[in-house]
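# Working through the structure, step by step
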Amino acid sequence: MTVQFPADFVFGAATASYQIEGAVAEGGRRPSIWDTFSHTPGKVERGETGDVACDHYHRVSEDVALMRQLGLDSYRFSLAWPRIKPDDGPVNPAGLAFYDELVDELLAAGIEPAVTLYHWDLPQALEDRGGWRERDTAERFADYAAVAADHLGDRVKRWITLNEPFCSSILGYADGVHAPGAQEGEGALKAAHHLLLGHGIAAQRIRSSVPGAQVGITLNLASVQQVSESSADLEAAQRNLLIGNLIFTDPVLAGSYPELGKQVWSPITDFSWIAGDDLSTIAQPLDFLGVNFYFPSRPRAVAHQVADPAQRVASDLGFESVLHEGEYLTEMGWPVDAGAFTALLTWLQGRYGDALPPIHITENGIACPDVVGPDGRIDDQDRIRYVGDHLKAVKDAMDKGVDIRGYYVWSLMDNFEWARGYQPRFGLLHVDYDTLQRTPKASFDWYRNVIATHQIP
Ligand code: FCB
């Protein structure tokens, strides 16, 4: 059945600086934690790095022309902190000039810029001083945010402070699978808290700098499904909800940390690093909440990796997500369940009610085995099905009363998929990494039609 979106619903596409820009040593840019991590043997598949990526840094006009062809209402991209304040030192005019060029081209093409301030590329110089484990990094982030807002705020109104603090803190400082590759207990919890504190201070700074700013944060959230009635699995589900959602959504939307977190992590920290008014700083009023969703979570209880509770990393909570026998998996190995997206959105509404600001879906998409046909075409029907089903799931949630204003597909183009390198392809545009040529896939034409008609066929 055809599904119709409201006329003012925003259709966009998203990318991030380190994943597409390349030119890592140009225009005064200095290393971020992802340069260091990707150049460390064994961290990224096939030893791939973002050194060249999609070379977007040199192809702004070409890429914006493709966005115009697609008919995007809005383009979500991130600013590279290590371009704007290399080594977190003095402001680098060449870094700002690059984003001036991009923003001006977007506006000339009639596309709203939606800026993410932090999509994981912390200046390495700050990591050398402790990174997000340190309270001072929250202040450094807010200073950088203020520079960006002061400079671009006359043209950019939509600001996203952080992308997925779960990944920056838990994947980066507990699991160690993302930069900076640390495996810690207390350090990862401090990182999560200082990221949120940085969000709160930055939100205040953006608002005071940019009249009419729309300020939000993007969270990747778990849609937790119960796998059995056993008390162990029920407890696993509680812990999944805690680390995947509540330690981010509760402070941001309700100004408190969940009690369960205090219990679960008391063996690894005394929480003395949470200062008295931090939570009121974190719980800034927001104009929107960015939600990223890819796959459902099905937690089953398993043994902790480390027996001694005081020695565990912060994410060693005694559960793992299970797959169904023989189910379709994406190139990332992720199961697909669009209904879980609706369930997540209605869960948010149910838990936070009037405290929930309007939602923008800031990422959703799929990596599939795109085959370039003999005629050069990529007939990515898996992607069309996935995005179509998930857009319908968004509309279902809207029909159930959740206020959702926009949707950004991940991603505009194939790019550097973090620890997985260039193999998983998420783009509407295919990128040939030898020639850097962009080729629209079938999904590009399909999405153009969605944007033009506001209908999902
Ligand atoms: C999200 C990231 C984004 C992209 C997608 C697939 O976690 O925000 O950069 O890698 O996953």
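In short, a report on the structure. (Residues numbered from 1 in each chain as written. Predicted model: local features only at pLDDT ≥ 70, side-chain atom pairs only at ≥ 80, totals over all residues. Heavy atoms only, no water.)

### Section: the overall build of the chain
When helices and strands are counted, the chain shows 15 helices and 14 strands. What you see for the chain is a C-alpha radius of gyration of 21 Å, in line with the 23 Å of a compact globule of 457 residues. Principal-axis analysis of the C-alpha atoms gives the chain an extent of 55 × 55 × 45 Å. Considering the chain as a whole, with its 457 residues, one finds that 60% of them fall into the buried category. Counting only contacts in the chain whose residues sit at least 6 apart along the sequence, the fraction spanning at least 24 positions is 77%. (Helix = DSSP H or I, 4+ residues; strand = E, 2+ residues; numbered from the N terminus. Rg over C-alpha atoms; globule rule 2.2 N^0.38 Å. Buried < 20%, exposed > 50% of the residue type's maximum accessible area, 1.4 Å probe, protein only. Contact = heavy atoms within 4.5 Å.)

### Some points on the nonpolar core
In this structure, Leu79, Trp159 and Tyr447 are the most contacted members of the largest nonpolar core, which totals 151 residues. The dominant element in this core, judged by the number of residues it contributes, is helix α9 (residues 186–209), at 11 residues. Those residues in contact with Leu79, other than ones at most four positions away along the chain, are Ser17, Ile84, Tyr99, Val115, Thr116, Leu117, Asp121, Tyr144, Ala148, Leu152 and Trp159. (Core = buried A, V, L, I, M, F, W, Y, C linked by side-chain atoms within 4.5 Å.)

### Remarks on the pairing of strand β7 (residues 288–292)
Across a regular strand the side chains alternate sides, sitting on one face of the sheet and then on the other. Counting buried positions over the five residues of β7 gives five, a clear majority of the element. Of the two faces of β7, both are covered, the one formed by Phe288, Gly290 and Asn292 as well as the one formed by Leu289 and Val291. Where strand β6 (residues 214–220) meets β7, five bridges bridge the pair, whose relative direction is parallel. Its bridge partner being in β7, Gly216 is matched across the sheet by Phe288. In this structure, β7 lies alongside strand β10 (residues 359–363), joined through four bridges in parallel fashion. In the sheet register, Gly290 faces β10, and the bridge partner there is His360. (Pairing = 2+ DSSP bridges.)

### Points about the pattern of salt bridges
What the rule picks out here adds up to 38 salt bridges. Between Glu363 and Arg76 there is a salt bridge, with its nearest N and O atoms 3.0 Å apart. Of the two residues, Glu363 sits in strand β10 while Arg76 sits in strand β3 (residues 74–78), which places them 287 residues apart along the sequence. Close ionic contact of Lys441 with Asp414 constitutes a salt bridge, the shortest N to O distance being 2.8 Å. In this pair, Lys441 is assigned in the loop between β13 (438–440) and α15 (442–453) and Asp414 in the loop between β11 (404–410) and β12 (429–431), connecting sequence segments 27 residues apart. A relative accessible area of 0% places Lys441 in the buried class. Since its relative accessible area comes to 0%, Asp414 is described here as buried. (Salt bridge = Lys/Arg side-chain N within 4 Å of Asp/Glu carboxyl O.)

### Let's talk about helix α3 (residues 60–70)
Three- or four-residue spacings in an α-helix give side chains the same orientation, since the helix completes a turn every 3.6 residues. Where α3 is concerned, the buried positions are Val60, Asp63, Val64, Leu66, Met67 and Leu70. Looking straight down α3, one finds its buried side chains confined to an arc of 155 degrees; they lie on one side. Here the buried face of α3 lies against β3, α5 (93–108), β12, β13 and α15. One or two positions beyond α3, positive phi appears at Gly71, with a value near 85 degrees. (Arc of directions from axis to C-beta.)

### A few points about the site of the ligand
Taken together, Gln19, His119, Trp120, Asn163, Glu164, Tyr294, Glu363, Trp410, Glu417, Trp418 and Phe426 make up the full set of residues adjacent to the ligand. Gln19 is positioned with one of its side-chain polar atoms (N or O) 2.8 Å from an oxygen atom of the ligand. Side-chain polar atom of Glu417 to an oxygen atom of the ligand: 2.6 Å apart, as the coordinates give it. With the chains in place, 94% of the 300 Å² that the ligand exposes on its own is no longer accessible. Partitioned by chemical class, the residues of the shell around the ligand number five nonpolar, three polar and three charged. (Near = heavy atom within 4 Å. Polar contact = N/O pair within 3.5 Å; in protein donor to acceptor, adjacent residues only side chain to side chain. Areas by Shrake-Rupley, 256 points an atom, 1.4 Å probe, with all protein chains shown as cover. Nonpolar A, V, L, I, M, F, W, Y, C, P; charged D, E, K, R; others polar.)

### What to know about the packing of helix α8 (residues 165–175) against helix α10 (residues 231–254)
The interhelical angle for the contact between α8 and α10, taken along N-to-C directions, is 125 degrees, at an axis separation of 10 Å. Classed by the angle they form, the pair α8 and α10 counts as oblique. Two packed elements cross with a definite hand, and for α8 against α10 that hand is right-handed. Mapping the contact onto sequence places Pro165, Phe166, Ser169 and Ile170 in α8 and Ile243, Gly244 and Phe248 in α10. (Axes fitted to C-alpha atoms, helices over the stretch in contact; angles between N-to-C directions. Parallel < 35°, antiparallel > 145°, perpendicular 65-115°, else oblique. Left-handed = near helix turned anticlockwise from the far one by under 90°.)

### Comments concerning the packing of aromatic side chains
Enumeration over the complete set of coordinates arrives at 33 aromatic pairs. Residues Trp347 and Tyr352 carry aromatic rings whose centres are separated by 6.2 Å and whose planes lie at 90 degrees to one another, so their mutual orientation is edge-to-face. Its relative accessible area of 23% is what places Trp347 among the partly exposed residues. Three or more aromatic residues joined by ring pairs make a cluster, and in this case those are Tyr18, Trp34, Phe37, Trp120, Phe416, Trp418, Tyr422 and Tyr433. Between Arg83 and the ring centre of Phe98, over which it is positioned, the NZ or CZ distance is 5.7 Å. Taking the ring centre of Phe288 as reference, the NZ or CZ of Arg158 above it sits at 4.9 Å. (Phe/Tyr/Trp six-rings, centres within 6.5 Å; stacked < 30°, edge-to-face > 60°. Lys NZ or Arg CZ within 6 Å of the ring centre and 35° of its normal.)

### Points about the sheet that holds β11
The sheet built from eight strands closes into a barrel, its strands ordered β2-β3-β4-β5-β6-β7-β10-β11 with parallel pairing. The average undirected angle you get between the axes of adjacent strands in this sheet is 25 degrees. Note: strand β4 (residues 112–118) against strand β5 (residues 158–163), four bridges, orientation parallel. When the sheet's bridge partners are listed, Tyr118 is paired in β5 with Leu162.

### Observations concerning the pairing of β4
Within β4, six of the seven residues are buried, which leaves the element mostly enclosed by the surrounding structure. Taken together, the five bridges between β3 and β4 define a ladder with parallel strand orientation. The partner of Ser78 across the bridge, within β4, is Thr116.

### Describing the environment of Arg312
Inspection of the secondary structure puts Arg312 in the loop between β8 (299–301) and β9 (319–321). Residue classification places Arg312 among the buried residues on the basis of a relative accessible area of 16%. When neighbours within four sequence positions are excluded, Arg312 is seen to be in contact with Gly185, Ile268, His304, Val306 and Ala307. Here Ala307 takes part through its backbone oxygen, which lies 3.0 Å from a polar atom of the side chain of Arg312.

Interpretation in functional terms is not warranted from these geometric data alone.
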